[in-house]
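Coordinates in review
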Amino acid sequence: MITLFDKLYKKSEQDLLDDLYNRLQKQEKTFVVTANPEVFMHSMHNEVLKKALLDPKTVVTPDGEGIVQAAKMLGFTPWGKIAGVDTVAKLLQHANEKQLSIYIYGSKQEVLDALQKKLQVQYPNLVLVGLKNGYTYQEKEVFEDMLQKQPDIVLVALGVPKQELSIYQYFPSFQKGIFVGVGGSLDVLSGVKKRAPKIWISCKLEWLYRLLKEPTRIKRFYNNHIKFILYIKKLAKEKK
Ligand code: UDP
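Residues numbered from 1 in each chain as written. Predicted model: local features only at pLDDT ≥ 70, side-chain atom pairs only at ≥ 80, totals over all residues. Heavy atoms only, no water.

Side note on the nonpolar core
One finds Met1, Phe5, Phe40, Met146 and Phe228 to be the most contacted residues of the largest nonpolar core, which totals 38 residues. Examining the composition of this core, we find that 4 residues originate from one element, helix H13 (residues 218-239), more than from any other. For Phe5, the residues in contact, after removing those within four places along its chain, are Lys10, Phe40, Ile67, Ala70, Ala71, Leu74, Phe76, Phe228 and Ile232. Grouped together as the second largest cluster of nonpolar side chains are 30 residues, Leu17, Val88, Leu115 and Leu186 included. (Core = buried A, V, L, I, M, F, W, Y, C linked by side-chain atoms within 4.5 Å. Buried < 20%, exposed > 50% of the residue type's maximum accessible area, 1.4 Å probe, protein only. Helix = DSSP H or I, 4+ residues; strand = E, 2+ residues; numbered from the N terminus. Contact = heavy atoms within 4.5 Å.)

What follows is the structure, given as structure tokens:
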């Protein structure tokens, strides 16, 4: 677990964006994992996921207050939370400015339909080369199609850790591209789901808002976030 925190991106959000834009310009293949406690917890039992996170071509960003606080408890100094949904929004904006190609895989069809309409209005210069939902399409056929199109940016929304494992499996076949596991970001960016109001975000309570909106997440929250906090406390104690 400590190695993952060591790997965690500790610079500012703007540094991250500049870094990603630079990689896009150089066509440097990159995998972005927007990590929350759930990703780190899964990696404790999943060697492939851990390998994916520690791969030199992978950038692991702190997508959540839980990861930031844990990093601090372990003696690291992260700049702060970098919400995955914000990173994705900025990448879309950048793609529009530079007329880059985007492939989107995952989420429900209704979410993709709403998102496509938004993209056409907000980012008319972005080149959408693929839009496949995460329920009726087979992973293999989607990645084969993606390979032919060689997009500049690939957004995969299949949930943790499926999206990370899928990207990591097919990543070696690609020549270029920024690949991002985006979780529920497309649900929010499409307007189908609402993000927490700004006051909740500034009070660092976005996680609580999400939990109240979707109480069915409580078991998942306990299994990942609560166990994560207890584990980090133990690690921090051992480190002293
Ligand atoms: N999803 C999907 N296929 C699946 C399972 C999930 O396309 O088989 C999508 C789901 O519709 C959602 C995204 O994956 O858009 C991830 O959702 P979740 O809310 O779990 O994300 P997170 O909590 O990681 O942000």
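Focus on a nonpolar patch on the surface
On the surface, a nonpolar cluster with roughly 370 Å² of combined accessible area is contributed by Tyr222, Ile226, Ile229 and Leu230. With respect to the helices and strands, Ile229 occurs in helix H13. On the accessibility criterion, Ile229 (43% relative accessible area) is partly exposed. (Patch = residues over 30% accessible without salt bridge, like charges linked within 9 Å, V, L, I, M, F, W, Y side chains within 5 Å. Areas by Shrake-Rupley, 256 points an atom, 1.4 Å probe, with all protein chains shown as cover. Salt bridge = Lys/Arg side-chain N within 4 Å of Asp/Glu carboxyl O.)

Considering the site of the ligand
Taken together, 16 residues form the shell around the ligand, and within it Ser107, Gly134, Tyr135, Gly184 and Arg217 come nearest. At 3.0 Å from a nitrogen atom of the ligand is found a main-chain nitrogen or oxygen belonging to Gly134. Within the side chain of Tyr135, an N or O atom sits 2.9 Å from an oxygen atom of the ligand. Burial of the ligand by the surrounding chains reaches 81%, relative to a free accessible area of 550 Å². Grouping the amino acids of the shell around the ligand by side-chain chemistry returns 4 nonpolar, 6 polar and 6 charged. (Near = heavy atom within 4 Å. Polar contact = N/O pair within 3.5 Å; in protein donor to acceptor, adjacent residues only side chain to side chain. Nonpolar A, V, L, I, M, F, W, Y, C, P; charged D, E, K, R; others polar.)

Focus on the pairing of strand S5 (residues 153-157)
By the criterion of burial, S5 is predominantly enclosed, with 5 of the 5 residues buried. Of the two faces of S5, the one holding Ile153, Leu155 and Ala157 and the one holding Val154 and Val156 are both buried throughout. Sheet topology places strand S3 (residues 101-106) next to S5; 5 bridges connect them, and they run parallel. Paired with Ile102 across the bridge in S5 is Ile153. Sheet analysis places S5 next to strand S6 (residues 178-181), joined by 4 bridges and oriented parallel. By the bridge assignment for S6, Val156 is matched with Gly181. Remark: the S5/helix H9 (residues 162-170)/S6 crossover connection has right-handed handedness. (Pairing = 2+ DSSP bridges. Right-handed = clockwise from strand over helix to strand, strands pointing away.)

Quick notes on empty space enclosed by the protein
For the coordinates displayed, the defined rule picks out 1 cavity of 30 Å³ or more. The wall of the largest cavity is formed by Arg23, Leu24, Gln27, Glu28, Lys29, Asp152, Lys176, Gly177 and Ile178. (1 Å grid on protein atoms, 1.4 Å probe; cavity = no way out; pocket = protein on both sides within 12 Å on 5 of 7 lines; lining within 4 Å. Points joined across faces, edges and corners; volume = space filled by probe spheres on them.)

Considerations on the sheet that holds S6
With respect to topology, 6 strands assemble into an open sheet ordered S2-S1-S6-S5-S3-S4, the strand pairing being parallel. In the strand order of this sheet, the two ends are held by strand S2 (58-62) and strand S4 (127-132), each with one partner. Taken pair by pair, the neighbouring strands of this sheet meet at an average axis angle of 15°, ignoring direction. Against the sheet, H9 engages strand S1 (30-35), S5 and S6, with an angle of about 155° to S6. (Axes fitted to C-alpha atoms, helices over the stretch in contact; angles between N-to-C directions.)

Some points on the packing of aromatic side chains
Taken as a whole, this structure holds 10 aromatic pairs when the rule is applied. Measuring from ring centre to ring centre gives 6.2 Å for Phe31 and Phe171, while their planes differ by 40°; the resulting arrangement is tilted. With Phe31 in strand S1 and Phe171 in the loop between H9 and S6, the pair connects residues that are 140 residues apart, well separated along the chain. The same class applies to Phe31 and to Phe171, which are both buried. Every member of this aromatic cluster is reached through a ring pair, and the members are Phe5, Phe40, Phe76 and Phe228. Lying over the aromatic face of Phe171, Lys29 brings its terminal NZ or CZ to 4.5 Å of the ring centre. (Phe/Tyr/Trp six-rings, centres within 6.5 Å; stacked < 30°, edge-to-face > 60°. Lys NZ or Arg CZ within 6 Å of the ring centre and 35° of its normal.)

Thoughts on the packing of helix H3 (residues 37-45) against H13
In contact at an axis separation of 9 Å, H3 and H13 are set at 80° when each is read in the N-to-C sense. One element, H3, and the other, H13, form an angle in the roughly perpendicular class. In this structure, H3 uses Pro37, Glu38, Phe40, Met41, His42 and Met44 to contact H13, whose residues at the interface are Arg220, Asn223, Asn224, His225, Lys227, Phe228 and Tyr231. Looking at side-chain class alone, the contact of H3 with H13 contains 6 nonpolar, 4 polar and 3 charged residues. (Parallel < 35°, antiparallel > 145°, perpendicular 65-115°, else oblique.)

Brief notes about the pattern of salt bridges
Applying the stated rule across the entire model yields 16 salt bridges. Salt-bridge contacts for Lys193 lead to Asp187; the nearest nitrogen and oxygen are separated by 3.9 Å. Given a relative accessible area of 32%, Lys193 falls into the partly exposed group. The class of Asp187 is buried, set by a relative accessible area of 15%.

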